[in-house]
Amino acid sequence: MSETATPAKTDQKRAINRLKSMYPLRNVVQQDYIDTLKASNEGKPTVWSMLNYWEGDLPLKAMGLNIVYPENYATLLASSGAAEPFLDASDSDGFPTHMCGYGRSTIGYSYRMMKENGGKIPPDAPLGGMAKPALLLGSGIICDARFKWFQSLARYFDAPEWCLEMPMMATYEGSEPELEDYQVKFLVKELKDFIAFLEKLFKQKMDWAKLEELIDLAVKIHETTYKITELRQAIPGPMHATDFWSSMPPSLFFAGDMKVALKCYQDMLSEVQERVKNKESGINYPERYRLIFAELPPWHSLKFFDKLAEMGWNFVFESFGYHAPKPPDLSKYSDPCEKLARLSRNFMFNVFPEAKADNIQNPIVETYLKIARGFKADGFFMHPLISCRAASCSLRTVQHWEQEKLDIPSLWVEGDIIDKRVFNPQEVLARAEAFEQTMDHYRKVRKSKGLDW
Amino acid sequence: MVTATTKGLSRAHEVYADRGRRMRELRKAGKKIIGYICLYPPIEIITAMGMVPFRIFGDMSEPITAADQVSTTVVCPFLRSIIDLGIKGKFDFLDGAVGAHTCDIGMTTIIAWRDYIKDAPFTHLIDVPHTDHAPAVDYFEGQINFFKKHIEELAGEKLSEDKLKKACELHNKQRKLVRELYDLRKSDPPKLTSMENLEVMVSLFSLPVEEGNELLEEVIKDVKERNIKPGKKKARLMVWGPVFDNTSLYELIESAGADVVVDDTCVGTRAFWADVKAPYNLHALAQRYLVDIKCPRTYRDTQHQETERNYDKDLDSRFNYIKKAVADWHVNGVILQSVKYCDTHGYEVPNLRHYLDTLGIPSIYIEHDYSERSLAPIKTRVEAFVETLD
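What counts and what doesn't
Residues numbered from 1 in each chain as written. Chains lettered and ligands numbered in written order. Predicted model: local features only at pLDDT ≥ 70, side-chain atom pairs only at ≥ 80, totals over all residues. Helix = DSSP H or I, 4+ residues; strand = E, 2+ residues; numbered from the N terminus. Buried ≥ 20, exposed ≤ 12 C-beta atoms within 10 Å, placed from the backbone. Contact = placed C-beta atoms within 7 Å. Arc of directions from axis to C-beta. Pairing = 2+ DSSP bridges. Axes fitted to C-alpha atoms, helices over the stretch in contact; angles between N-to-C directions.

Caption draft 1: Local environment of the environment of B:Ile144. Residue and element names in this part refer to chain B. Relative to the helices and strands, Ile144 resides in helix H6 (residues 134-155). For Ile144, a count of 23 C-beta atoms within 10 Å translates into the label buried. C-alpha separation for the pair Ile144 and Ile45, spaced 99 residues apart in sequence, amounts to 9.0 Å. Apart from residues lying up to four places away in sequence, Ile144 is in contact with Pro42, Leu282, Leu285 and Ala286.

See below:
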């Protein structure tokens with residue numbers, strides 16, 4: 001394959017070769033919103049939850065509670081072009097404009113629901129909207145300002161809030177093996193308190209057998225998604241990033257029926273296996289460059305990736321924070337809270353052995369070094385977000401060390417997850433053309449240094 | 001050995017102008033200097049080990065240049081400034097740097113320090129839980145214990161109960177003296193300007209605790225003896241928000257015709273209002289730092305386990321210390337200031353303003369990027385705000 005040849009179009013319909021198995025997973029999420037709203041109309045409570053890396057999701061589901069995820073809903077607002085009135089409402093109620101786009105969307109949604117619509121769902125809310133919360137489940141995991149925006153929702157709702165705890169990753173100190181039990185002990189205490197609170201709030205007992213069953217299902221889902229991710233290292237990359245983003249909520253939030261989700265992911269695994277066997281690409285153009293997207297996407301402009309696919313850019317990996325790691329062996333533990341604590345904690349601490357190997361202090365850097373090697377990346381698409389500290393703060397160091405250690409260049413594109421006004425696709429496309437020469441150059445440099453891609 | 005030739009406020013002005021000078025002297029004399037970021041590393045342990053805690057600040061007058069290779073521009077400029085100064089070698093007098101997970105960017109600052117700042121080879125990062133739940137306090141005590149063990153390795157000796165007790169008493173004494181100094185601003189006009197006060201506070205973070213206490217005693221004596229002429233200004237203000245370590249904002253406010261008589265910032269009352277309570281052990285430190293410091297970075301669960309939340313009750317539980325300060329210092333307006341991209345403070349702004357409204361206290365919110373030049377556009381807003389106050 002020539003690096004500079006104009007790519008021949010192999011499919012006139014779409015630039016990205018979408019996985020058929022992605023659509024049922026996307027439907028699981030959409031159906032979940034519809035079912036939750038229906039349940040609310042029948043008088044059942046709705047819980048608003050943040051991404052909590054499963055320690056909160058599974059107890060709620062085991063008690064049969066309906067959950068919506070405002071962060072995920074904010075992505076729907078953005079992708080359907082409906083976000084702006086909600087962002088404006090947040091601004092008008094005095095919240096600073098530089099804060100999290102997910103947070104501003106949710107605050108704006110709550111403001112419009114409670115202050116403008118008398119407690120009813122705003123009429124322009126996609127998918128029927130989110131019903132009023134009976135509980136706000138906050139979390140500081142991976143982004144510690146998030147619990148503050150749920151705390152702020154007390155301006156609009158009288159629902160109680162619970163803030164879940166998690167020891168923070170990114171420290172050698174925290175990853176010392178002797179500290180694991182101490183961290184788990186802390187989480188188990190917190191989880192037991194949380195479950196006792198749920199029982200009091202919703203006046204029903206925890207179904208411990210159900211919780212065990214859901215933990216088993218969670219492990220199976222993550223084993224399956226982990227296998228899919230491993231397969232994506234193939235050349236050409238069999239699954240484009242947009243398929244991952246469209247299909248991730250049943251793995252990331254356990255949205256919808258988990259048995260259905262597991263079956264869908266197993267179908268996805270089969271389809272990806274088949275693609276690898278047949279060397280079928282995730283784009284309908286010859287794969288000229290293998291890109292990694294860091295970190296959160298511009299939800300409002302996902303069609304933009306079609307343009308890049310037409311140039312032969314295949315996004316083979318993306319958004320490490322949305323990927324569940326290989327699940328730990330939980331078979332030797334009997335207490336469901338301990339299983340849950342270990343499953344959840346595993347997300348935060350699984351990267352450190354490699355981090356030590358590379359002598360890099362930032363585990364996010366090490367994660368991306370490992371990914372770049374495994375996926376044989378030609379370049380990084382860095383997407384620092386005007387409204388997200390957590391996903392943006394390490395990108396410069398990732399950029400630096402990818403260049404320094406692996407001679408992989410980065411395209412630096414400022415934007416936002418929700419606010420499309422700060423993203424200029426035309427300008428990025430112009431820069432992308434020039435970036436191809438940079439990727440070509442460093443491909444030669446890597447080979448001259450003995451690297452195999 | 002103290003080499004100062006000046007005393008009291010002159011001494012504070014001197015230390016404020018060159019924070020590293022005394023540290024370099026002490027290091028030359030064999031002392032280990034341990035820098036720390038934000039309020040959450042328990043400095044009593046550093047003092048008890050015979051080392052000197054030094055609060056790391058940025059520099060609002062120094063353009064951020066070197067940090068751009070390490071840090072994106074959409075994160076806290078105060079912490080970016082620290083990284084910038086570190087890369088430029090401005091902390092070459094430190095033997096160690098201790099950070100805490102006070103916020104995500106605070107955490108990545110110390111991580112970046114390890115990769116990019118060659119001074120201060122000893123580093124430690126303390127995980128700080130998000131909540132003040134009882135299991136979180138226990139967990140934090142474990143983190144402090146881990147820090148203690150690490151710094152014992154650096155010192156080559158164990159921390160004794162007696163040394164910890166003495167250090168807690170010394171730092172508690174400093175806190176008591178600071179509260180006494182703040183009391184001197186209750187009069188109208190206050191006996192101490194906010195600029196002078198900030199210079200003293202910054203000095204306390206730049207001196208060994210014994211020298212800081214000596215300085216405070218001198219300043220309090222001098223200020224008490226001052227003969228302040230009547231000359232009331234239009235407003236008595238409180239300033240709220242995250243770190244502000246430079247007198248420029250206070251100069252701007254006071255030049256607009258107001259006295260800043262009290263603050264709720266981590267370079268002022270937030271750092272000094274809570275004591276470590278006896279018995280002086282690691283649990284007492286965990287309680288003081290995680291529960292008693294009132295920083296928005298902690299989810300203070302005022303209605304923990306309650307099945308309904310009451311907004312006004314929650315606000316009163318979280319902010320009644322501000323209500324008390326407003327009454328005690330006769331405050332008639334509050335300026336909420338924040339460095340840009342500080343999310344934990346940002347989410348508090350509408351809620352705190354609502355609370356102040358219920359108290360009948362006018363407020364404004366101003367934002368800056370931790371540079372002196374970013375304050376100029378704020379001046380007009382501050383002047384207009386002061387004009388509106390009775």
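Caption draft 2: Spotlight on helix H16 (residues 376-388) of chain B. Residue and element names in this part refer to chain B. Among all positions of H16, only Val382, Phe385 and Val386 are buried. Relative to the axis of H16, the buried residues are bounded by an arc of 95 degrees and lie together on one face. In H16, the exposed residues that point more than 90 degrees away from the buried face are Pro377, Thr380, Ala384, Glu387 and Thr388. The secondary structure elements touched by the buried residues of H16 are strand E5 (235-240), helix H10 (248-255), strand E6 (258-264), strand E7 (333-339) and strand E8 (363-368).

Caption draft 3: Broad picture of the sheet that holds strand E8 (residues 410-412) of chain A. Residues and elements named next belong to chain A. Spatial strand order, E6-E5-E7-E8: 4 strands in an open sheet with parallel pairing. Only two strands of the sheet have a single neighbouring strand rather than two, namely strand E6 (313-318) and E8. Averaged over neighbouring strand pairs, the angle between their axes works out to 30 degrees when direction is ignored. Pairing between strand E5 (residues 289-294) and strand E7 (residues 379-382): 4 bridges, direction parallel. Across the sheet, residue Ala294 finds its bridge partner in E7, namely Met382. Against the sheet, helix H18 (residues 395-406) engages E5, E7 and E8, with an angle of about 170 degrees to E7. Its contacts with the sheet place helix H19 (residues 425-448) against E5, E7 and E8, and it is angled at close to 160 degrees to E8.

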